[in-house]
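One-letter residues, chain by chain:
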Amino acid sequence: MSGVTPYKTIEEIAGRVNDLNTPESINEALDELEYLFEVIPPELQDPVEDLITRLRNKYKQLLVE
């Protein structure tokens, strides 16, 4: 992930949440967000945590269907 701007990556994933419709695509986004969560400033952690929760719920829903 060298050269990745955390803010841009978070914004990009948030913008395509509705388009992530496979377990693989959701898992990839979660991996990126969970990595970034460790390096972003505390004031951004709450919104990213919400995004992670939303993606985890979507992932679980796909597994149930």
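Residues numbered from 1 in each chain as written. Predicted model: local features only at pLDDT ≥ 70, side-chain atom pairs only at ≥ 80, totals over all residues. Heavy atoms only, no water.

**With respect to the environment of leucine 30**
Move 1: For leucine 30, the location among the structural elements is in helix α2 (residues 23–39).
Move 2: Separated by 25 residues in the primary sequence, leucine 30 and leucine 55 have C-alpha atoms spaced 7.0 Å apart.
Move 3: What leucine 30 contacts, discounting residues up to four positions off in sequence, is Ile52, Leu55 and Arg56. (Helix = DSSP H or I, 4+ residues; strand = E, 2+ residues; numbered from the N terminus. Contact = heavy atoms within 4.5 Å.)

**Some details on α2**
Move 1: Between its terminal C-alpha atoms α2 stretches 25 Å, which fits the 24 Å expected from 17 residues at 1.5 Å a residue.
Move 2: In this structure, the buried residues of α2 make contact with α1 (6–15) and α3 (42–64). (Expected span 1.5 Å × (residues − 1).)

**With respect to the nonpolar core**
Move 1: Within the largest apolar cluster, 14 residues are counted, with the highest numbers of intra-cluster contacts made by Ile10, Ile13, Leu33, Val48 and Leu55.
Move 2: For this core, the secondary-structure elements that each account for two or more residues are α1, α2 and α3.
Move 3: Counting residues per element, this core draws most heavily on α2, which supplies five residues.
Move 4: For isoleucine 10, the residues in contact, after removing those within four places along its chain, are Leu33, Leu36, Ile40, Val48 and Leu51. (Core = buried A, V, L, I, M, F, W, Y, C linked by side-chain atoms within 4.5 Å. Buried < 20%, exposed > 50% of the residue type's maximum accessible area, 1.4 Å probe, protein only.)

**Comments concerning the packing of α1 against α2**
Move 1: Contact geometry for α1 and α2: axes closest at 11 Å, N-to-C directions at 145 degrees. Pair α1 / α2 crosses with left-handed handedness. For the pair formed by α1 and α2, the contact residues are Pro6, Thr9, Ile10 and Ile13 on the first element and Ala29, Glu32, Leu33 and Leu36 on the second.
Move 2: In terms of residue class, the contact of α1 with α2 is built from six nonpolar, one polar and one charged. (Axes fitted to C-alpha atoms, helices over the stretch in contact; angles between N-to-C directions. Left-handed = near helix turned anticlockwise from the far one by under 90°. Nonpolar A, V, L, I, M, F, W, Y, C, P; charged D, E, K, R; others polar.)

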